[in-house]
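Next come the chains, spelled out residue by residue.
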Amino acid sequence: MGSKAVITLPSGQPSGQFVVSTAVEGDGATVGKGDWVTVNYTAKDWTTGKDVPSSYDAGAKPQLYQAGIGQLVPAFDQSVVGKKVGSRLLVVAPPSVAFGSNTTQQLGVGKDDTVVFALDIMQSVPQDSVLTGAMTQPPANQPQVKDNGKAAPTITIPANTQPPGDLQTSVLIKGDGKPVQAGQSLVLQYTGVLWSNGQQFDSSWSHGGAQVLQIGTGAVIPGWDKGLVGQPVGSRVELVIPPALGYGATAQNGIPANSTLVFVIDILEAV
């Protein structure tokens, strides 16, 4: 578990059955449908006997996806639901649940090939996950935050106070994980309100719970890239983002032009 597997194929041809068995059982949480699960994998083409590119190969990355909702091929999607974090699964995937017609030349897997996977379940984050613990409030001239448990926090804008002209970052809960690196995908709970009137314009809770966003690559607004890179995983962070680091003079859905934005963000995982 946690390193590249050695997969030895038996003699004979595969049966065509979809097989999932637990080679090593972990002692972590049980993966539920809709959880954000991180897996590493080793793979071998049973039909040809050749190795298939693995997440343990140099330069490769783990897979991060929502379990059991059809985001990936069934070999990944269905296999992990009901299994424990820390487990290594042996998956025999006939074409219908492996790659089938979705194969690519880069993988070297034919559309009629059976693929054998060793799946290592590294982490699982339910969509309703939130950070807990003692919370430190920002300075009095910054928005204050009320924790609402498994619901969006309440963010209160200070009265009769002009918004700051530069990015303000306040760590409300200090995590003990590794610092976020540019290029990572983050599993986040977040809520955003307007400084001008405190109106909420977006929240992960409005999208079903925790969401995944890539950080430090320009995939999100600059205020997020600048404010989240370097923060330890497990942190709750308040960002007050001036227009120049938000959407600037361009109005968005529910966000007027030249708006100062306030976000409270829980960094649940980084992959």
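For the structure, see preceding data.
Each chain carries its own residue numbering, running from 1 in the direction its sequence is written. Totals for whole chains, interfaces and linings use all residues, but because this is a predicted model, local features are given only for residues with pLDDT of at least 70 and pairs of side-chain atoms are given and counted only at 80 or more. As a rule here, side-chain values cover all heavy atoms of the structure and leave hydrogens and water aside.

J.: Just checking my understanding: could you explain the overall build of the chain for this structure?
T.: Secondary structure elements are taken from DSSP: a helix is a run of H or I of four residues or more, a strand is a run of E of two residues or more, and numbering for both begins at the N terminus. Scanning the chain for helices and strands turns up 2 helices and 14 strands. Taken along the three principal axes of its C-alpha coordinates, the chain extends 75 × 35 × 30 Å. For every residue, the accessible area obtained with a 1.4 Å probe (protein chains only) is divided by the maximum for its type, and the residue is called buried under 20%, exposed over 50%, and partly exposed between those limits. Within the span of the chain, comprising 271 residues, buried residues form 45% of the whole. By definition, residues are in contact when any of their heavy atoms lie within 4.5 Å. Expressed as a percentage of contacts within the chain between residues at least 6 apart in sequence, the contacts between residues at least 24 apart total 73%. Only the protein chains shown count as covering a residue, and every accessible area follows the Shrake-Rupley method with a 1.4 Å probe. A total of about 12700 Å² of accessible surface is found on the chain, and carbon and sulfur atoms cover 49% of it. Working convention for charge: Lys and Arg count positive, Asp and Glu count negative, and His plus the chain ends are omitted. The atoms used to mark charge sites are NZ of Lys, CZ of Arg, CG of Asp and CD of Glu. Averaging the coordinates of the 15 positive side-chain charges in the chain and doing the same for the 19 negative ones gives two points 3 Å apart.

J.: Would you mind showing me how to read the side chain of Ser170 here?
T.: Here Ser170 shows up in strand E9 (residues 168-173). Among all residues touching Ser170, those that are not within four sequence positions of it are Pro138, Pro139, Arg236, Val237 and Glu238.

J.: Whenever I open this one, the pairing of strand E14 (residues 261-270) confuses me. Can you help?
T.: Taken residue by residue, a regular strand's side chains alternate between the two faces of the sheet. E14 sits mainly inside the fold: 9 of its 10 residues count as buried. Two strands are said to pair when DSSP picks up at least two bridges between them. Relative to E14, strand E10 (residues 185-194) runs antiparallel, the two being bridged by 9 bridges. Looking at E14, one finds that Leu194 is bridged to Leu261. Judged from the 6 bridges that link them, strand E13 (residues 236-241) and E14 form a sheet pairing that is antiparallel.

J.: So what exactly am I meant to see when it comes to the packing of aromatic side chains here?
T.: The way to describe two aromatic rings as a pair is by their centre distance and the angle between their planes. Pairing of aromatic rings covers Phe, Tyr and Trp, the last counted by its six-membered ring, and requires centre-to-centre distances within 6.5 Å; plane angles under 30 degrees mean stacked, over 60 mean edge-to-face, and any other angle means tilted. This model, assessed by the stated rule, comprises 6 aromatic pairs. Ring geometry for Tyr41 and Phe76: centres 5.3 Å apart, planes at 90 degrees, overall edge-to-face. Linking Tyr41 in strand E2 (residues 36-45) with Phe76 in helix H1 (residues 74-77), this pair joins segments that are 35 residues apart in sequence. Ring pairs connect the aromatic residues Tyr41, Tyr65, Phe76 and Phe117, which therefore count as one cluster.

J.: Would you mind showing me how to read unusual backbone geometry here?
T.: Negative phi characterises most residues that are not glycine, and trans characterises most peptide bonds. Notably, Asn160 is not glycine yet its phi reads approximately 55 degrees, a positive angle. Looking at the element boundaries, Asn160 is found in the loop between strand E8 (154-156) and E9. The exposure class of Asn160 is exposed, given its relative accessible area of 85%. At Asn258, a residue that is not glycine, the phi angle is positive and equals roughly 60 degrees. When you line up the elements, Asn258 lands in the loop between E13 and E14. A residue is classified by how much of its surface remains accessible, and Asn258, at 51% relative accessible area, is exposed.

J.: What should I look at first to understand a nonpolar patch on the surface in this one?
T.: Exposure above 30% relative accessible area and the absence of a salt bridge qualify a residue for a patch, where like charges join within 9 Å and nonpolar side chains (Val, Leu, Ile, Met, Phe, Trp, Tyr) within 5 Å. Here, a salt bridge means any side-chain nitrogen of Lys or Arg that lies within 4 Å of a carboxyl oxygen of Asp or Glu. Residues Met1, Val24 and Met122 make up a contiguous nonpolar surface patch of about 220 Å² in total accessible area. For Met1, the location among the structural elements is in the segment before strand E1 (19-24). Judged by relative accessible area, Met1 falls into the partly exposed class, the value being 39%.

J.: Looking at this structure, I do not really get the pattern of salt bridges. What am I missing?
T.: Opposite charge on two side chains lets them pair, provided their charged atoms get close. By the definition in use, this model includes 8 salt bridges. Note that Lys4 is salt-bridged to Asp57, the shortest N-O span being 2.9 Å. Of this pair, Lys4 sits in the segment before E1 while Asp57 is found in the loop between strand E3 (51-52) and strand E4 (63-66), placing the two residues 53 residues apart along the sequence. Here Asp51 ties to Lys44 by a salt bridge, and the two come within 2.7 Å at their closest N and O atoms. Residue Asp51 is classed as exposed on the basis of its relative accessible area, which comes to 56%. Each of Asp147, Arg236 and Asp266 takes part in a single network of salt bridges with overlapping partners.

J.: So what exactly am I meant to see when it comes to the pairing of E13 here?
T.: Counting buried positions along E13 gives 6 out of 6 residues, so the element sits mostly inside the fold. The alternating pattern of E13 places Arg236, Glu238 and Val240 on one face and Val237, Leu239 and Ile241 on the opposite face, and all of these are buried. Summarising the sheet, E9 and E13 pair through 5 bridges and their orientation is antiparallel. By the bridge assignment for E13, Ser170 is matched with Glu238.

J.: So what exactly am I meant to see when it comes to the side chain of Arg88 here?
T.: Tracing the backbone through its elements, the reader meets Arg88 in strand E5 (residues 88-93). Accessibility expressed as a relative area gives 13% for Arg88, which makes it buried. Under the rule applied, a polar contact is a pair of N or O atoms within 3.5 Å (in protein, one hydrogen donor and one hydrogen acceptor; residues adjacent in sequence only if both atoms are side-chain atoms). Here the side chain of Arg88 touches Ser3 through a polar contact of 2.5 Å, landing on its backbone oxygen. If near-sequence neighbours (up to four positions away) are discounted, Arg88 is found in contact with Met1, Gly2, Ser3, Lys4, Ala5, Ser21, Thr22, Ala23, Val24, Ala118, Leu119 and Asp120.

None of the figures reported here should be taken as evidence of function without further support.
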